[in-house]
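Residue-level listing of the chains:
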Amino acid sequence: MDDVARELRLYRRLFVLVGAVYLVWWFAVEAAMPQAFNPLPGRLVVVLAIWGIGATSYASAWVRSHVQLLWACALWLVTAHYFYLFYENAGEINWRVGSFITVTAISLGLFSRASLVSYSVFTVVLGLVMVLAFPELRRTVFLPGLVTVLLQANVGLHSRLGVIRDLAASNEHFQLLFNSTFEGVLIHEEGRIVQVNDSLISALGFTAAELVGRDVRDFVHPDDRARAEGTLMSETASCEARGRRKDGTVRDFEIRGKPLPRSTRPTRLLTIADITERNLQAEALRQSNEALERSNIDLQRFAYVASHDLQTPLRSIGSFVDLLHSTYAEQLDDQGRDWLSRTSKSVHHLRTLIDDLLAYSRVDAEPRAFERVSVREVLDRATSLLDVAIRESSAQITSGELPEVMGDRSQLVQLMLNLVGNALKYRGAAAPVIHVAAETKGDEWQVSIRDNGIGIAPKHHQQVFEIFKRLHDLKEYPGTGIGLAVCRRVVNRHGGKIWVESNAGEGSVFYFTLAKEQ
Amino acid sequence: MNDVLVHGRPAEILLVEDSDDDVELTRLGFKRARFAVKLHHVANGEECMSFLRKEGKYGGMPTPDLILLDLNMPRMDGNEVMEEVSRDEALKHLPIVVLTSSKAEEDILRSYKLRCSSYLVKPINFEGFATMIQSLSDYWFTLVTLPPNKQP
């Protein structure tokens, strides 16, 4: 804005000056050569018109914004009027020359800055030729001089104003950019604020005048000053610090700072972003995570306690049913004994269910530190626990080379027990043939348990890992639908994956992965 | 064979157990095992300590040869009983067998750290229970030499 005002002020001076010079010049000529030029009113009209433009620039916005065009017109008016008087008083030759220069002068007001230079040169040459070719017109030596001076002034003004205008435009761009950034920007010299942008002003609530000249550290919360010192004053770094707004509210800011390359005093650039909302959101997220974790733990504890406490009355029921059976079975009829046996079976099923549920909830409820575990030992332990079932089914269990992994030994035994146990349980007509193998896949081991059992249709491959999901009724294959859910939970806790590849009637291969290093 | 005696008399056993069902099963277990034992019962740790110290209504009660102690009980649990007993010079020699439904490693470890004599998990059916009581009696009343226990 400053530059536009300066430009306007310059033009106003030019209007006054040109009008005054023109008037003084004519009176001087008239004094030197009385009755040489006539008439006087025309001169006054021209001068008053020029001064008028200058004067109306105070009142009219249109005049202010078209001041350059009006300047060209004023030049033209002066020149044209000069030649008009000249022609009236000095005959035909001067008329020709005058009309030529008049046209030139008109053009000057309309042509671009670059062509102005060549036109001024041309005009000077023409003026000299005129003086040399027509000695009787010597007194008109002033003519090209005046025109040249006016033109030079015009050209100079143009180029100077052009520079100013370019500067103004680039400054305007800079200001626009500087003020439109989302972050607050601040420049300070050894702590003293020298420049702030609009975003910073709105972030802090202070005006630019209240910020500039103050020490940047004054705006940081006293408790955070020590922590922010490096970022504010010396390092290329970032930090979080609280700051006080003008209205007294304390907000969280992220400050980034770096030095600006300047030869004089050390100058630094700081960007400042209000991250209060972001921090609040992060805090809310953290709290909801915590609540989720708590409720998860509560749920696990609930499952554990519930299944544990369910065992106590169940043990009583089971025991007294046993006692009834062993002591009074003789005194009951077949119906009574059948009912007792049904009760006994249900108790047994419920007990298995509770045990499995307990195992399931224990996977996460009783976490132990991981240790180096040999999969071979895990398999041996599982098969020894399944000894009876293996002998009864004449199963053949083979294995390839098995690695050592990092894990929870008892959980891995549980995993292997369930998988090998399933392979034995869901056998086909033939004796079970089970092969356990491992291969390396990137930074994981992939363990497989292959059987020749009844297989699983592909549409059930996902479901079988869901808790309580069973594909058979209890009479066909007893079970609780928890075994594979436990497997998945154990593998998940170890950061691995578990899946099955199988088709109905073609045996199954269960795979799980375990990290080589934790 | 109701003739197995401890110090020339039937063994005195204190059962500390809050579940009536388990008390009944234990009683039946001893009956099945055919050992002549005198089974005393208290329902929690506080009563247990009163019994051992012969306080109040337990004034005329004998000092037990063996304590069968449940862990999870209201008011004063098994762990607290073991702590209290081990601090009491007059009681710390008494053998304590923990008899509980908990299989938690934590409970097992803590009980042994409190110097229980052994840790038994209640079997899930009566057959198991009876077998356990049989073995327990065989071990503690025929094999083991119990500390001297003069009854008044």
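Residues numbered from 1 in each chain as written. Chains lettered and ligands numbered in written order. Predicted model: local features only at pLDDT ≥ 70, side-chain atom pairs only at ≥ 80, totals over all residues.

(A) Highlighting the overall build of chain A. Scanning chain A for helices and strands turns up 16 helices and 12 strands. Counting only residues that meet the buried cut, chain A has 28% of its 518 residues in that class. Taking the contacts inside chain A whose residues are at least 6 apart along the sequence as the reference set, 59% of them involve residues at least 24 apart. (Helix = DSSP H or I, 4+ residues; strand = E, 2+ residues; numbered from the N terminus. Buried ≥ 20, exposed ≤ 12 C-beta atoms within 10 Å, placed from the backbone. Contact = placed C-beta atoms within 7 Å.)

(B) Layout of the overall build of chain B. Within chain B one finds 5 helices and 5 strands. Each helix and strand of chain B, ordered N terminal to C terminal, gives the series β-α-β-α-β-α-β-α-β-α. Counting all 152 residues of chain B, 36% fall into the buried class. For chain B, the proportion of contacts with a sequence separation of at least 24, taken over those separated by at least 6, is 69%.

(C) The arrangement of the environment of Leu120(B) in detail. All names here are of chain B. Positionally, Leu120 belongs in strand S5 (residues 118-121). Judged by C-beta crowding, with 15 C-beta atoms within 10 Å, Leu120 ranks as partly exposed. With 51 residues separating them along the chain, Leu120 and Leu69 place their C-alpha atoms 9.7 Å apart.

(D) Seen up close, the environment of Tyr477(A). Residues and elements named next belong to chain A. Looking at the secondary structure, you find Tyr477 in the loop between strand S10 (444-450) and helix H16 (483-493). Counting along the chain gives 52 residues from Tyr477 to Lys425, while the straight-line C-alpha distance between them is 7.3 Å. Other than its neighbours up to four places away in sequence, Tyr477 contacts Lys425, Tyr426 and His472.

(E) Structural view of the interface of chain A and chain B. Residue-level contacts link 9 residues of chain A with 11 residues of chain B. Partitioned by chemical class, the residues of the side of chain A that touches chain B number 1 nonpolar, 5 polar and 3 charged. (Nonpolar A, V, L, I, M, F, W, Y, C, P; charged D, E, K, R; others polar.)

(F) Local environment of the nonpolar core. Residues Val378(A), Ala382(A), Met416(A), Leu419(A), Val420(A), Val486(A) and Cys487(A) are the most contacted members of the largest nonpolar core, which totals 41 residues. At the level of secondary structure, the elements contributing two or more residues to this core comprise helix H12 (334-365), helix H13 (375-385), helix H15 (409-425), strand S9 (433-441), S10, H16, strand S11 (498-502) and strand S12 (508-515) of chain A. Top element by residues in this core is H15(A). It accounts for 8 residues. Discounting chain neighbours no more than four positions away, the residues touching Met416(A) are Val378(A), Leu379(A) and Ala382(A). Among the nonpolar cores identified, the runner-up in size contains 36 residues, and Leu25(B), Leu66(B), Leu99(B) and Phe141(B) belong to it. (Core = buried A, V, L, I, M, F, W, Y, C linked by C-beta atoms within 7 Å.)

(G) Broad picture of the sheet that holds S5(B). All names here are of chain B. Read across the open sheet, the 5 strands follow the order S2-S1-S3-S4-S5; overall the sheet is parallel. The sheet is open, and its two edges are formed by strand S2 (37-42) and S5, each paired on a single side. Across the sheet, the mean angle from the axis of one strand to that of its neighbour is 20°, orientation sign disregarded. As defined by bridge partners, strand S4 (residues 96-100) adjoins S5 across 4 bridges and the pair is classed as parallel. For Thr100, the partnering residue across the bridge sits in S5 and is Val121. Each of strand S1 (11-16), strand S3 (66-69) and S4 is contacted by helix H3 (residues 78-87), which is oriented at about 175° to S4, the strand it contacts most. (Pairing = 2+ DSSP bridges. Axes fitted to C-alpha atoms, helices over the stretch in contact; angles between N-to-C directions.)

(H) Looking closely at the sheet that holds S11(A). Residues and elements named next belong to chain A. Strand order in this open sheet of 5 strands is S7-S9-S10-S12-S11, and the pairing throughout is mixed. What marks the edges here is a single partner per strand, and that holds for strand S7 (396-399) and S11. The sheet shows a mean angle of 20° between the axes of neighbouring strands, direction not considered. Across 5 bridges, S11 lies against S12 in antiparallel orientation. Among the inter-strand pairings, Trp499 is bridged to a residue of S12, identified as Tyr511. Across the sheet, H15 lies against S9, S10 and S12, angled at about 25° from S10, the strand it touches most.

(I) Region of the structure containing the confidence of the model for chain B. Mean pLDDT over chain B: 89, with 96% of residues reaching 70 or higher. This complex was scored by the predictor with a pTM of 0.49 and an ipTM of 0.72. (pLDDT = per-residue confidence, 0-100.)

(J) Unusual backbone geometry, seen in detail. Residues and elements named next belong to chain B. A positive phi angle is found at Lys54, which is not glycine, with a value near 55°. Checked against the element boundaries, Lys54 lands in the loop between helix H2 (45-52) and S3. Even without glycine at this site, Arg75 takes up a positive phi of about 65°. Here Arg75 shows up in the loop between S3 and H3.

(K) Seen up close, H13(A). Turning to H13(A), its buried residues number three or more, namely Val375(A), Val378(A), Leu379(A), Ala382(A) and Thr383(A). End-on view of H13(A): buried residues confined to an arc of 125°, all on one side of the axis. (Arc of directions from axis to C-beta.)

(L) Representation of the pairing of strand S3 (residues 237-244) of chain A. Residue and element names in this part refer to chain A. Inspection of the sheet shows S3 paired to strand S4 (residues 250-260) by 8 bridges, in the antiparallel sense. Along S4, the bridge assignment pairs Cys239 with Ile255. Here S3 folds back onto S4, and the loop between the two strands holds 5 residues, one of which, Gly248, carries a positive phi near 95°.

(M) Local environment of the environment of Trp140(B). Take Trp140(B): it is sitting in helix H5 (residues 126-143). For the pair Trp140(B) and Pro95(B), spaced 45 residues apart in the sequence, the C-alpha separation amounts to 9.6 Å.

(N) Representation of the packing of helix H11 (residues 276-328) of chain A against H5(B) in the model. It is at 8 Å that the axes of H11(A) and H5(B) come closest, and there the two elements cross at 90°. In this view, H11(A) runs roughly perpendicular relative to H5(B), as classed from their interaxial angle. For the pair H11(A) and H5(B), contact is made by Ser319(A), Asp322(A) and Leu323(A) and by Phe126(B), Glu127(B) and Phe129(B), respectively. A class-by-class count of the residues in the contact of H11(A) with H5(B) yields 3 nonpolar, 1 polar and 2 charged. (Parallel < 35°, antiparallel > 145°, perpendicular 65-115°, else oblique.)

(O) Representation of the packing of helix H1 (residues 20-33) of chain B against H5(B). Residues and elements named next belong to chain B. Where H1 meets H5, the closest approach of the two axes is 8 Å, and the angle between their N-to-C directions is 60°. When the axes of H1 and H5 are compared, the pair comes out oblique. Along this stretch, H1 crosses H5, giving a crossing that reads as right-handed. Here Leu25, Thr26, Gly29, Phe30, Arg32 and Ala33 of H1 come into contact with H5, specifically with Phe126, Phe129, Ala130, Ile133, Gln134 and Ser137. Split by residue class, the contact of H1 with H5 holds 7 nonpolar, 4 polar and 1 charged. (Left-handed = near helix turned anticlockwise from the far one by under 90°.)

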